[in-house]
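Each chain is listed here by its residues.
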Number of protein chains: 2
Amino acid sequence: MLAKYQNWLRDHGLKATKNRMMMLEVLDEDHKFLSAEEIYQSLIEKASNLSLSTVYRSMESLVEVGLVSPVNLETSKQTLYELSHTEHAHHLICMSCQKVIHVHGCPVASYEKQIAKEHQFTVREHKLELYGYCQECSTK
Amino acid sequence: MLAKYQNWLRDHGLKATKNRMMMLEVLDEDHKFLSAEEIYQSLIEKASNLSLSTVYRSMESLVEVGLVSPVNLETSKQTLYELSHTEHAHHLICMSCQKVIHVHGCPVASYEKQIAKEHQFTVREHKLELYGYCQECSTK
DNA sequence: GTAGGTGCAAAGAGTTTGCATACGC
DNA sequence: GCGTATGCAAACTCTTTGCACCTAC
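Residues numbered from 1 in each chain as written. Chains lettered and ligands numbered in written order. Predicted model: local features only at pLDDT ≥ 70, side-chain atom pairs only at ≥ 80, totals over all residues. Heavy atoms only, no water.

Examining the protein's contact with DNA strand D
By nearness alone, 21 residues border DNA strand D, and K15, R20 and T54 of chain A together with R10 and Y56 of chain B come closest of all. At 2.4 Å from a phosphate oxygen of DNA strand D is found a side-chain nitrogen or oxygen belonging to Y56 of chain B. In this structure, T79 of chain B approaches DNA strand D through a main-chain N or O atom, which is 2.8 Å from a phosphate oxygen. Taken together, the residues of the surface near DNA strand D break down into five nonpolar, ten polar and six charged. (Near = heavy atom within 4 Å. Polar contact = N/O pair within 3.5 Å; in protein donor to acceptor, adjacent residues only side chain to side chain. Nonpolar A, V, L, I, M, F, W, Y, C, P; charged D, E, K, R; others polar.)

Set out below in structure tokens:
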């Protein structure tokens, strides 16, 4: 898994530094979108001299080579990051615990075509997010 | 139109001040989402002593009483504002000129139910945005 | 007249940048 | 060894807040 990332980075002219590998690991483990600050916090123990600006700069690079995707949710004013998924997916976002559930499959494709025709609009991408409460938080 | 807003404000314990009415007017006229800064800029001529913080504070109040909705688009890091629509709508966002086209009708309803069942997730609201290029910008 | 609204300036959050040093390849 | 990556501090942008004055009702 990590070796894959290493190669991908090198193939795209980026060095596979400790910091970057650790950040990718954190993003890989956690099932939330993470803010730069959160990534920083979860690494500061292992890498005591890591700096927040390195996290920002790394996210920028990783986004550029397509390993990471940035997201702006309505529930947070910070930019959040997740590993890019090759498969198109949508998100269920828990408004209580911020957990993000990925859902594959997409109900929008045919709608997109219809819209494109009706409004002479060239659709490049779309974003569908469902906000609500996950099983655990609803039962509380 | 404006009288409606006046009553709505008063009914919700807010005063119908000149500033607020002008802001609602700007939001009503323009067919983009507007940032606080843009609202400020389009009013500064008529209201030379308006301050940006008043725009922020007004948006906050107007959002609270439901006249205005805040939006975080992927294309802007600022919070943008639009008049709340009683009718559920989705958005086509032009990545070139930032124009926003409102589209009524929603393909997500049945999908939502299916998801709710599959993932034991209580959906409260959703957001669907299509990013691409409007007719004018595509032909350029 | 009074409570809520506003302008101004200052403070806060989140993010970016300049520069000298360190590290991957 | 070369060039990218990093740490630190400072700058920057967007947004919020404190306080004295003002205005809608």
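Observations regarding the confidence of the model for chain A
It should be kept in mind that the predicted coordinates are not to be read in detail where pLDDT is low. Looking at chain A, pLDDT values average 91 and 99% of them are 70 or higher. Mean pLDDT across the secondary structure elements of chain A bottoms out at strand β5 (residues 100–104) of chain A, with 87, and peaks at helix α4 (residues 52–64) of chain A, with 97. (pLDDT = per-residue confidence, 0-100. Helix = DSSP H or I, 4+ residues; strand = E, 2+ residues; numbered from the N terminus.)

So, the packing of helix α3 (residues 36–43) of chain A against α4 of chain A
Residues and elements named next belong to chain A. Direction vectors running N to C along α3 and α4 enclose 120 degrees, while the axes themselves pass 9 Å from each other. Classed by the angle they form, the pair α3 and α4 counts as oblique. The handedness of the crossing between α3 and α4 is right-handed. From α3, A36, E37, I39 and Y40 reach across to α4, where they touch L52, V55, Y56 and M59. Looking at the contact of α3 with α4 residue by residue, the class counts come to seven nonpolar, no polar and one charged. (Axes fitted to C-alpha atoms, helices over the stretch in contact; angles between N-to-C directions. Parallel < 35°, antiparallel > 145°, perpendicular 65-115°, else oblique. Left-handed = near helix turned anticlockwise from the far one by under 90°. Contact = heavy atoms within 4.5 Å.)

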